[in-house]
Amino acid sequence: YRCQPGGLWVFFSLLILFLVMFQVAEKLQCEPKTDIVFLKVHKSASSTVMNILFRFGETHNLTFAFPNGGGNQLFYPRHFLASFVQGFSPWSPQRFNILCHHMRFLQPEVQKVVSSSAVYFSILRNPVQLMESSFVYYKGTSAFSRARSLEEFLSQPYHYYNPANSDSHYAKNLMTFDFGFNPDGEVTAERVQLMLNIIEASFDLLLISEYFDESMVLLKEMLCWDLDSIVSFPLNIRDSSTKSPLPDTIVEKIKDWNRLDWEIYIYFNRTFWERIDRDIGRERMQQEVKALRDRQAELARTCLQGTGSVAPKDIKDSSLRPLQHGNAKILGYNLKQGLHKEMEHTCRRLVTPELQYSSILYKKQFAQKQPQTHQPSPEQTGQTP
Ligand SMILES: Nc1ncnc2c1ncn2[C@@H]1O[C@H](COP(=O)(O)OS(=O)(=O)O)[C@@H](OP(=O)(O)O)[C@H]1O
C-alpha cells in the first residue's frame, strides 16, 4: 500500500481543521469570567481576595455593586437587600459585574443585582484562628469589651455574650452569620446538613484561607483567569504583638462555642481537597502554587521597600495606611521609589488598603453621576468594617 500525495493533503487538512476546532472549543469553554459574587466572610483573608477582585475589575472596566452612598459594607449586619446597592432599581435591567463588599448573604436578593450566570464563591477560615482574630479586631463590641482575654470570655461566655445585641455576631459563629444563618441555632445533625446543602447549592467554590495559594489556583481555574490576575500581597494582616498563642484547652472551647462554624469549615475543607484531586491533581497544583509564589516574590522585589509588611507608623504614604481597628495593629507596605509609571500603578494597587481602593473605584464608577439626594446615616453606610 502506497500513500497517495492527495491522501496526505486531505489528512493534514483534516488535522489542521481538528486543531483549530479544538482551540476554538477550548476558548469557548474558557472565557474569563467577569460576573462574580464574592461573599466577604469576616476575618478570613477576604480583604486580600477583595483586592484581587478590585484589580481585575478596574483593569477590565467592570462595574461593582457598591453600597448606597459609597460606604464600605452593604448595610451589614442586616441581611442583604438589592436596594442597598447604589444604582439598583427594580424597574431597570442593570446588573453589576462584581459584588464583593461585606454583606450578610441572602441569595434571592443577591440574584437581583447580578447576572444569572454569575459565579459565586467565598472563603472560610479555621474558626479557632478566626475567633482569635475577631476577639482582637472587634474588641470594642459588646461581647468582647468587658473580657480581658479570650480565655476569660470563654470561661463564662454567657456572662459577656448577649445574642440580642446587634453586634453579638462577631463573638459566635461569625461565618454562619455571614452566610445568612442563625449563629445561635441549636446544633443538630439536621440543621447542619441543611446549612451545608444550602451553601453548596448557592456557591460554586469555597476557598480555605489556610491554603490561600492553592485557593487562588482553584479560583484562577474556575474563572479562567491568568496567573497575574490572582497574585496578591497579604492585606489586613496583624502585627504579631497583637496575636496571642492559644493553649489546647482554649482551642477545644473555641471549637465548641463555634460549633456551627466548625461544621462548615470541616466539611468544606474536605470538599476543597476533593475538588483539587478531581480537577487539577496534587502534582499540577504544586507546580501552579510554585509559579504563583515565584511571581509574587518577583513582584515583591520589584514593588516593595525592604522585605515586606511594616508597622502602620512606618508607612510613609498615608494613602496606603490601612484602617486600625479594635486592639489590632494592622500592617501595610512601603513602595519602592523611582518605579516607572505603569509599574508604580500595578504595585500601588497591590498594596492599596480596602477602604481607600473601594473609594477610588466608587468615584470612578459614579464620576458622571449627580451626588445622591438620599444621605444614609453612618450606621447604614457601615463605616466600621
Ligand atoms: N494571603 C493570606 N493568607 C492567609 N491569611 C491572610 C492572607 N491575607 C490576609 N490574611 C489574614 O486574614 C485576616 C484578615 O481577614 P479579613 O481581611 O477577612 O478581615 S476583615 O473582616 O475584612 O476585617 C488576618 O488575620 P489575623 O492576622 O489573624 O487577624 C490576616 O492576617
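Please read these numbers as outputs of a predicted model, since none were measured by experiment.

## Structural notes on the pairing of strand 4 (residues 205-208)
So, point 1. Taking every second residue as pointing to the same face, both faces of strand 4 are buried, with Leu-205 and Leu-207 on one and Leu-206 and Ile-208 on the other.
So, point 2. In the sheet, strand 3 (residues 119-124) pairs with strand 4 via four bridges, with the strands oriented parallel. When the sheet's bridge partners are listed, Phe-121 is paired in strand 4 with Leu-205.

## Here we look at the state of the cysteines
So, point 1. Overall, the coordinates contain two disulfides when judged by the stated rule.
So, point 2. Cys-30 shares a disulfide with Cys-224; S-S distance 2.2 Å. Negative torsions about the S-S bond denote left-handed disulfides, and the value of about -110 degrees found for Cys-30 with Cys-224 makes this one left-handed. Taken together, the residues span a long stretch of sequence, with Cys-30 in the loop between helix 1 (5-29) and strand 1 (36-39) and Cys-224 in the loop between helix 9 (212-223) and helix 10 (248-257) at a distance of 194 residues.
So, point 3. On the basis of relative accessible area, Cys-30 is assigned to the partly exposed category, the value being 38%.
So, point 4. With a relative accessible area of 12%, Cys-224 lands in the buried category.

## Thoughts on the packing of aromatic side chains
So, point 1. Counted by the stated rule, this structure contains 31 aromatic pairs.
So, point 2. Centre to centre, the rings of Phe-56 and Trp-225 are 3.6 Å apart; their planes meet at 10 degrees, and the pair counts as stacked. Of the two residues, Phe-56 sits in helix 2 (residues 46-59) while Trp-225 sits in the loop between helix 9 and helix 10, which places them 169 residues apart along the sequence.
So, point 3. Taking the relative accessible area as the measure of exposure, Phe-56 reaches 5% and is therefore buried.
So, point 4. Measuring from centroid to centroid gives 4.9 Å for Tyr-362 and Phe-366, while their planes differ by 50 degrees, and the two rings are tilted.
So, point 5. Of the residues examined, Phe-366 reaches a relative accessible area of 12% and is grouped as buried.
So, point 6. Site record: aromatic cluster; members linked through ring pairs are Phe-135, Phe-144, Phe-153, Tyr-158, Tyr-160, Tyr-161 and Trp-257.
So, point 7. The ring of Tyr-137 is capped by Lys-43, whose NZ or CZ atom sits 3.4 Å from the centre of that ring.
So, point 8. Sitting over the ring of Phe-177, Arg-104 keeps its end group 3.6 Å from the ring centre.

## A look at the nonpolar core
So, point 1. In terms of nonpolar packing, the biggest core is built from 114 residues, with Leu-99, Phe-121 and Phe-153 touching the most fellow members.
So, point 2. Element by element, the count of residues in this core is highest for helix 11 (residues 259-279), at eight residues.
So, point 3. With sequence-adjacent residues up to four places away left out, Leu-99 is seen in contact with Ile-36, Val-37, Phe-38, Ala-65, Leu-74, Phe-80, Val-110, Val-113 and Val-114.

## A look at the site of the ligand
So, point 1. Of all residues adjacent to the ligand, which total 22 residues, the nearest are Lys-40, Ser-46, Ser-47, Ser-133 and Arg-238.
So, point 2. Within the side chain of Arg-125, an N or O atom sits 2.9 Å from an oxygen atom of the ligand.
So, point 3. A distance of 3.0 Å separates an oxygen atom of the ligand from a polar side-chain atom of Asn-236.
So, point 4. Relative to its unbound accessible surface of 650 Å², the ligand loses 90% to contact with the protein.
So, point 5. Structurally, the ligand is housed in the largest pocket.
So, point 6. For the shell around the ligand, the element with the highest residue contribution is helix 2, accounting for three residues.
So, point 7. When the residues that make up the shell around the ligand are grouped by side-chain class, the tally is eight nonpolar, nine polar and five charged.

## Describing the confidence of the model for the protein
So, point 1. Averaged over every residue, the pLDDT of the protein is 92; residues scoring 70 or more account for 92%.
So, point 2. This stretch, residues 370-385, has a pLDDT under 50; its non-local contacts, to residues over four places away or in other chains, come to 26 contacts.
So, point 3. Across the predicted assembly, pTM comes out at 0.90 and ipTM at 0.99.

## Things to note about the pattern of salt bridges
So, point 1. Counting across every chain of the model gives 25 salt bridges.
So, point 2. Close ionic contact of Glu-263 with Arg-259 constitutes a salt bridge, the shortest N to O distance being 3.7 Å. One end of the pair is Glu-263 and the other is Arg-259, both in helix 11 and four residues apart, which spans about a single turn.
So, point 3. Overlapping salt bridges, with partners in common, bring together Lys-220, Glu-221, Arg-284 and Glu-288 in one network.

## Digging into the layout of surface pockets
So, point 1. Taken as a whole, the largest pocket spans an internal volume of roughly 920 Å³.
So, point 2. Around the largest pocket, the lining is made up of 45 residues, and of these Ala-45, Thr-48, Leu-235, Asn-236 and Ile-237 lie nearest the centre.
So, point 3. Listed by contribution, the elements that provide at least two residues to the lining of the largest pocket are helix 2, helix 4 (127-137), helix 9, helix 12 (282-303) and helix 14 (354-365).
So, point 4. For the lining of the largest pocket, the per-class residue count stands at 20 nonpolar, 17 polar and eight charged.

## Considerations on helix 2
So, point 1. Taking 1.5 Å per residue, 14 residues should reach 20 Å; helix 2 reaches 20 Å between its end C-alpha atoms and fits that length.
So, point 2. Among the 14 residues of helix 2, 13 are classified as buried, and the element is accordingly described as predominantly covered.
So, point 3. The positive-phi residue at the C-terminal boundary of helix 2 is Asn-61, with phi of around 55 degrees.

## So, helix 12
Along an α-helix, residues three or four apart share an orientation, since each turn contains 3.6 residues.
So, point 1. The end-to-end C-alpha distance of helix 12, which contains 22 residues, comes to 31 Å, matching closely the 32 Å that a straight helix rising 1.5 Å per residue would cover.
So, point 2. Every buried residue belonging to helix 12 is among Met-285, Glu-288, Val-289, Leu-292, Gln-296, Leu-299 and Cys-303, and all of these are buried. The buried residues of helix 12 all sit within an arc of 100 degrees when viewed along its axis, so they share a single face. Turned more than 90 degrees from where helix 12 packs its buried face, Glu-283, Gln-286, Gln-287, Lys-290 and Arg-301 sit exposed.
So, point 3. The inward-facing, buried residues of helix 12 abut helix 9, helix 11 and helix 13 (341-351).

Rules used throughout
Residues numbered from 1 in each chain as written. Predicted model: local features only at pLDDT ≥ 70, side-chain atom pairs only at ≥ 80, totals over all residues. Heavy atoms only, no water. Buried < 20%, exposed > 50% of the residue type's maximum accessible area, 1.4 Å probe, protein only. Helix = DSSP H or I, 4+ residues; strand = E, 2+ residues; numbered from the N terminus. Pairing = 2+ DSSP bridges. Disulfide = S-S within 2.5 Å. Phe/Tyr/Trp six-rings, centres within 6.5 Å; stacked < 30°, edge-to-face > 60°. Lys NZ or Arg CZ within 6 Å of the ring centre and 35° of its normal. Core = buried A, V, L, I, M, F, W, Y, C linked by side-chain atoms within 4.5 Å. Contact = heavy atoms within 4.5 Å. Near = heavy atom within 4 Å. Polar contact = N/O pair within 3.5 Å; in protein donor to acceptor, adjacent residues only side chain to side chain. Areas by Shrake-Rupley, 256 points an atom, 1.4 Å probe, with all protein chains shown as cover. 1 Å grid on protein atoms, 1.4 Å probe; cavity = no way out; pocket = protein on both sides within 12 Å on 5 of 7 lines; lining within 4 Å. Sits in = over half its atoms within 2 Å of the grid points. Nonpolar A, V, L, I, M, F, W, Y, C, P; charged D, E, K, R; others polar. pLDDT = per-residue confidence, 0-100. Salt bridge = Lys/Arg side-chain N within 4 Å of Asp/Glu carboxyl O. Points joined across faces, edges and corners; volume = space filled by probe spheres on them. Expected span 1.5 Å × (residues − 1). Arc of directions from axis to C-beta.

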